[in-house]
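Residue strings, one per chain:
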Amino acid sequence: MSHLVRIAAAQYPIDEPDTLQAYLDKISQWVTEAAARADLLVFPEYAGAEAMAVFGREVNKNLLQATFELQTLVPAIDAHMADLARRYGVYILAPSLPVAAADGSLRNVATMYGPQGFVGAQRKRVLTPFDKDQWQLTAGEAYTLFITPFGLIGVAICYDVEFPLQVRALCEAGATLILCPSCTDSVAGYWRVRLGAMARALENQCVVVQSPTVGSAEWSTALDVNCGAAGIFAPPDSTLSNDGVLALGEMDKPQWLYSTVNLEDILRLRQHGDVRGFSDWHLQLKSGGG
């Protein structure tokens, strides 16, 4: 197993594809570009919902109608992502999208594909007011550990990364790399996710990768405004990064952000770093003397 991983995080622009093929072609172009430089590609939250544009603006005035129409495209989107991962020999955290269960309930799902096919899926566990009230999504319940040649990977979808115990559970289960696909419609929202990502990297001594949507989409009531910058964050440590930022994109600019990370460095930090936050976690639960 190699712990060296070349990461690409997308600052992915939401456009208005008029056909499913146009959406799939766009995804292909993005993957082709990044696969030349990376082993692991990370797409944002709700970037898969961009495909709802193919139903036209009138349908998209009703978010739930468009979302249930989207279900007819999900198998083709999944197959396309799996084919790209196989063709280029890379691991891809696919754009998340709302997926309907057998009972009709909707969950926000981020799926990973590798050279051999399906790796696993994570459902968003803590929902924002918009997720619950407007999109009428149902929260996911289980944590998923993605097994890769680079080590165990966890996923905390956008708002999820703002909750310490969720990411802690993934890291205690063995993850050294956390992927955070995000979709935020304000600068404040972007910073909430970014600060959450950096805090989780600090306290768990792990690497956290944020991949946001960017740009505007007048056709969508859900993806209308998108703010952010991709970031690859680590615990601040004199041997790795003084400020905890391994790479940072340009705000709101469509681009791939790249960084090569040796996850063995993370394992060493947990044992020999300036501080030992990962192993000292339990100390905060002890009552102090008086």
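Overview of the structure. Just so it is clear, the model here is predicted, and its values are computed rather than measured.

Topic: the packing of helix H1 (residues 20–35) against helix H3 (residues 74–88)
The packing of two helices is summarised by the inter-axis angle and the distance between the axes. Two elements in contact, H1 and H3, have axes separated by 11 Å at closest approach and are oriented at 25°. Taken together, H1 and H3 sit at an angle that is classed as roughly parallel. You can see that H1 and H3 cross each other, and the crossing is right-handed. The segment H1 lies against H3, with Leu20, Tyr23, Leu24, Ile27, Ser28, Val31, Thr32 and Ala35 engaging Ala76, Ile77, His80, Met81, Leu84 and Tyr88. In terms of residue class, the contact of H1 with H3 is built from 11 nonpolar, 3 polar and no charged.

A look at a nonpolar patch on the surface
Residues Val187, Trp191, Leu195 and Met251 make up a contiguous nonpolar surface patch of roughly 360 Å² in combined accessible area. Mapped onto the elements, Leu195 comes out in helix H6 (residues 187–204).

Observations concerning the pattern of salt bridges
Inspection of every chain in the model, using the stated rule, returns 13 salt bridges. Of the charged contacts in the structure, one is a salt bridge between Lys124 and Glu45, with a shortest N-O distance of 2.8 Å. Here the residue Lys124 occupies a position in the loop between strand E6 (117–123) and helix H4 (129–133), and Glu45 occupies one in the loop between strand E2 (40–42) and helix H2 (63–70), the gap between them amounting to 79 residues. Put simply, Asp15, Lys26 and Glu50 are held in one network by salt bridges that share partners.

Section: unusual backbone geometry
One non-glycine residue, Tyr46, lies in the positive phi region at around 60°. With respect to the element layout, Tyr46 can be found in the loop between E2 and H2. Overall, the relative accessible area of 4% leaves Tyr46 in the buried class. A positive phi angle, close to 45°, is found at Cys158, a residue other than glycine. Within the secondary structure, Cys158 sits in the loop between strand E8 (151–155) and helix H5 (164–172). For Cys158, a relative accessible area of 4% gives the class buried.

What counts, and at which threshold
- Residues numbered from 1 in each chain as written.
- Predicted model: local features only at pLDDT ≥ 70, side-chain atom pairs only at ≥ 80, totals over all residues.
- Heavy atoms only, no water.
- Axes fitted to C-alpha atoms, helices over the stretch in contact; angles between N-to-C directions.
- Helix = DSSP H or I, 4+ residues; strand = E, 2+ residues; numbered from the N terminus.
- Parallel < 35°, antiparallel > 145°, perpendicular 65-115°, else oblique.
- Left-handed = near helix turned anticlockwise from the far one by under 90°.
- Contact = heavy atoms within 4.5 Å.
- Nonpolar A, V, L, I, M, F, W, Y, C, P; charged D, E, K, R; others polar.
- Patch = residues over 30% accessible without salt bridge, like charges linked within 9 Å, V, L, I, M, F, W, Y side chains within 5 Å.
- Areas by Shrake-Rupley, 256 points an atom, 1.4 Å probe, with all protein chains shown as cover.
- Salt bridge = Lys/Arg side-chain N within 4 Å of Asp/Glu carboxyl O.
- Buried < 20%, exposed > 50% of the residue type's maximum accessible area, 1.4 Å probe, protein only.

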